[in-house]
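Summary of the model geometry
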Amino acid sequence: MPTKRIICLACSTKSEVIAPGDSLHGRCVAGLDIDTGQWVRPVSTLPNGTLSKAQCRIRGNALGSLLPTALDVLEIEFLQHAPKTGQPENWIISETPWKCLRPATPSDLAVLNANIEDDAELFRGYESSLTHEEVLKRPPLSSLALIRPSDLRWEKKTGYYQRPKVLGHFKVGGQGYSLTLTDPIWKQKLLVKLGDTLLEHRKCFDHSSKDYLLSLSLGDFFPETGDHHKLIAGVIEIPESTI
């Protein structure tokens, strides 16, 4: 069974209905293979691939049993490559516990630099979502992307089921987008900071020596809207001089 070493660039929240009235509130993990530079999305055998928290916990490290965080270098064993329409990067995990090998080193981060995109068109189109029909008719060649955004601003909104959500407004390749943030760590940080107005990222956090990348994902079919939504799955904080 293949084993891959990936730099974690997303460990976002994801829910999946597993039985009538019963949902799994788990995670969607994604990262770059440090040996090939290709995107990898570990998935379970559920129809939408949602991982339970138990499946993606890191075991055997000095800090105990933890969920992956951005820039962890993970070692994960897989059963097989399992691409699906609109998500060609999916790999089904084995039952072997995941390992955290180390925090990403400067040489590891070179993989990120080689994969930063500046294409104004994200996952087929310039809107914040794709209809299911669009995905089936013209499947995106990838469902994961790493960008260095410009004009990054955050806004607190009310989402589905009247729950608070955070929107990220930014530009890439000169094109503006407004996408939902599903990174739970950054969502919690931002909900504390945000009021009723848009805030520039650097005014939320006094990290003038830090650079920020966004890990973007094209989500699974969302029945409530009938669309596949483009999401900010991870916020990656790195020293400006690193990449």
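What counts and how
- Sequence order as written defines residue numbering, which begins from 1 separately in each chain.
- Selection of residues for local features in this predicted model requires a pLDDT of at least 70, selection of side-chain atom pairs for listing and counting requires 80 or more, and totals for whole chains, interfaces and linings are taken over all residues.
- Water and hydrogen atoms play no part in the side-chain values, which are based on all heavy atoms of the structure.
- Each Phe, Tyr or Trp ring, with Trp reduced to its six-membered ring, pairs with another whose centre is within 6.5 Å; inter-plane angles below 30 degrees give stacked pairs, above 60 give edge-to-face pairs, and intermediate values give tilted ones.
- Segments assigned H or I by DSSP are reported as helices when at least four residues long, segments assigned E as strands when at least two residues long, and all are numbered from the N terminus.
- Residue burial is assigned from relative accessible area. The probe radius is 1.4 Å, only protein chains are included, and a residue is buried under 20% of its type maximum, exposed over 50%, and partly exposed in between.
- By definition here, charges over rings are those cases where NZ of Lys or CZ of Arg is within 6 Å of the ring centre and within 35 degrees of the ring normal.
- Detection works on a 1 Å grid of protein atoms alone, calling trapped sets that fit a 1.4 Å probe cavities and calling open sets with protein on both sides within 12 Å along at least five of seven lines pockets, with lining residues defined by an atom within 4 Å of a point.
- Grid points are joined across faces, edges and corners, and a volume is the space filled by probe spheres set on the points.
- For this classification, Asp, Glu, Lys and Arg are treated as charged, while Ala, Val, Leu, Ile, Met, Phe, Trp, Tyr, Cys and Pro are nonpolar and the rest, including Gly, are polar.
- By convention a nonpolar core is built from buried Ala, Val, Leu, Ile, Met, Phe, Trp, Tyr and Cys residues, the set being connected through side-chain atoms within 4.5 Å.
- Only heavy atoms matter for contacts: two residues are in contact if any of them lie within 4.5 Å across the pair.

Right, let's talk about the packing of aromatic side chains for a bit. A complete count under the given rule lists 3 aromatic pairs for this structure. Aromatic pair Phe170 and Tyr177: ring centres 6.0 Å apart, planes at 25°, arrangement stacked. Judged by centre distance (6.0 Å) and plane angle (90°), the rings of Trp186 and Tyr212 are edge-to-face. With a gap of 26 residues between them, Trp186 in helix 3 (residues 184-193) and Tyr212 in strand 16 (residues 210-222) connect regions that are remote in the sequence. You'll find Trp186 and Tyr212 in the same group, each marked buried. It is Lys4 that lies over the ring of Trp91; its NZ or CZ is 4.3 Å from the centre. Just above the ring of Trp186 sits the side chain of Lys189; from NZ or CZ to the centre is 4.2 Å.

The calculated volume of the largest pocket comes to roughly 1400 Å³. Together, 42 residues line the largest pocket, and Thr13, Lys14, Ser15, Thr182 and Phe222 are the ones closest to its centre. Where the lining of the largest pocket is concerned, the elements lending two or more residues are strand 1 (3-19), strand 2 (22-33), strand 13 (164-172), strand 14 (175-181), helix 3, strand 16 and strand 17 (227-239). Classifying every residue of the lining of the largest pocket gives 15 nonpolar, 16 polar and 11 charged. The volume enclosed by the second largest pocket comes to roughly 280 Å³. Surrounding the second largest pocket, 19 residues form its lining, Pro68, Thr69, Ala70, Asp183 and Ile185 being those nearest its centre. For the lining of the second largest pocket, the secondary-structure elements that each account for two or more residues are strand 1, helix 3 and strand 17.

Among the nonpolar cores identified, the biggest contains 24 residues, and Trp154, Phe170, Leu181, Leu214, Leu216, Ile232 and Val235 are the most heavily contacted of them. Listing elements by their share of this core, those giving two or more residues are strand 11 (144-147), strand 12 (150-158), strand 13, strand 14, helix 3, strand 16 and strand 17. Those residues in contact with Ile232, other than ones at most four positions away along the chain, are Trp154, Gly168, Phe170, Leu179, Thr180, Leu181, Thr182, Asp183, Leu214, Ser215 and Leu216. Counting 18 residues, the second-largest nonpolar core is a separate cluster that includes Leu109, Val111, Leu112 and Leu144.

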